[in-house]
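Coordinate analysis (summary)
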Amino acid sequence: MNNSEIINKTVQFVRTTLQNAEGGHDWWHIHRVHTNAKLIAATEDCDLLTVELAALLHDIADSKFHNGDEEIGPETAGNFLRSINVNDHIIAHVQQIIRHISFKSSFDKLSFQSAELNIVQDADRLDAIGAIGIARAFNYGGFKGREIYNPEIKPNLNMSKEEYKNTTAPSINHFYEKLLLLKDKMNTTTGKKLAEQRHAFMETYLQQFFMECGSMS
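Bear in mind the structure is a predicted one, so any value in this text is a computation, not a measurement. (Residues numbered from 1 in each chain as written. Predicted model: local features only at pLDDT ≥ 70, side-chain atom pairs only at ≥ 80, totals over all residues. Heavy atoms only, no water.)

1. Digging into the overall build of the protein chain
Secondary structure assignment for the protein chain yields 10 helices and zero strands. Along the protein chain, helices and strands appear, N-terminal first, in the series α-α-α-α-α-α-α-α-α-α. Whereas a compact globule of 217 residues would reach a radius of gyration of roughly 17 Å, the protein chain reaches 17 Å, a difference of no more than 12%. Within the protein chain, the fraction of its 217 residues that count as buried is 48%. Counted over contacts in the protein chain with a minimum sequence separation of 6, partners at least 24 positions apart contribute 67%. Put simply, the protein chain shows about 11,200 Å² of open surface, and 49% of that area lies on carbon and sulfur atoms. Considering the protein chain, the positive charge centre built from 22 side chains and the negative charge centre built from 28 side chains are found 1 Å apart. (Helix = DSSP H or I, 4+ residues; strand = E, 2+ residues; numbered from the N terminus. Rg over C-alpha atoms; globule rule 2.2 N^0.38 Å. Buried < 20%, exposed > 50% of the residue type's maximum accessible area, 1.4 Å probe, protein only. Contact = heavy atoms within 4.5 Å. Areas by Shrake-Rupley, 256 points an atom, 1.4 Å probe, with all protein chains shown as cover. Lys, Arg positive; Asp, Glu negative; His and termini not counted. Charge placed at Lys NZ, Arg CZ, Asp CG, Glu CD.)

So, in structure tokens, the structure goes:
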């Protein structure tokens, strides 16, 4: 099976698996991350097949939808890739990327690094900011039954990993606890450049939001 066939089979698997997923973590999120990953990879020295597979499979079983199980994603991806006879070395690398891609992984001591992780992580973070990031934040907040904004609940800028995973704070707090921090966490030159405009858009949005609320943050 050539690389193109591997990618096509993976796309089919992901689209089927995530057909009923929460709107911010559905196939179209994956599609955008895959597109951004290929765009960034074109400017980096990397293994493109690993990048594409990791981008396509990074949310195949997100821990926040599986009782916090952080191994179900790598396990699900590994089982699928073995079923289509992908090289074991590539499978192991893809699994490591899935384990380390999320924002909550940044709370832990860095234990894995690769050019491919940097690329896919940047692509995923780009989809968490800007206009799409705003839509995803409020969609997930609604999915979890959270308030949009409560001025009595201030953002927690010193959360532990467990506090971050278990937060029930209003969606606006998420901008300060994660989204506005991502621009300075980008890994690649292309990722950093693309993040600038999306970050600026979020800042403009928040200014408008608080103006309409009658209070400036």
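2. Examining the packing of aromatic side chains
Considering all chains together, one arrives at 10 aromatic pairs under this definition. On the numbers, 5.3 Å between centres and 80° between planes, the contact of Tyr 149 with Phe 210 is edge-to-face. One end of the pair, Tyr 149, is in the loop between helix H7 (130–143) and helix H8 (161–166); the other, Phe 210, is in helix H10 (residues 189–213), and 61 residues separate them in sequence. In this structure Phe 210 comes out as buried when scored by relative accessible area, which is 5%. Counting every residue linked through ring pairs, the aromatic cluster contains Phe 138, Tyr 149, Phe 175, Tyr 205, Phe 209 and Phe 210. (Phe/Tyr/Trp six-rings, centres within 6.5 Å; stacked < 30°, edge-to-face > 60°.)

3. Describing the environment of Gln 19
Of note, Gln 19 is situated in the loop between helix H1 (3–17) and helix H2 (27–41). Relative accessible area serves as the criterion here: at 60%, Gln 19 is assigned to the exposed category. Along the primary structure Gln 19 and Lys 192 are separated by 173 residues, whereas in three dimensions their C-alpha atoms are 31 Å apart.

4. A few points about the nonpolar core
Core analysis: the biggest nonpolar cluster contains 52 residues, and Val 14, Leu 53, Leu 57, Leu 81, Val 86, Val 94 and Phe 175 have the highest contact counts within it. When residues of this core are assigned to their parent elements, the largest contribution, seven residues, is made by helix H3 (residues 48–57). Ignoring sequence-local partners within four residues, the contact set of Val 94 consists of Thr 50, Leu 53, Ala 54, Leu 57 and Leu 81. (Core = buried A, V, L, I, M, F, W, Y, C linked by side-chain atoms within 4.5 Å.)

5. Focus on the side chain of Asn 173
Mapped onto the elements of the fold, Asn 173 is located in helix H9 (residues 171–177). In terms of polar contacts, Asn 173 uses its side chain to reach the backbone carbonyl oxygen of Ile 153, at 3.1 Å. Polar side-chain contacts of Asn 173 include one of 3.5 Å to the backbone oxygen of Lys 154. Once residues within four sequence positions are removed from consideration, Asn 173 is found in contact with Ile 153, Lys 154 and Pro 155. (Polar contact = N/O pair within 3.5 Å; in protein donor to acceptor, adjacent residues only side chain to side chain.)

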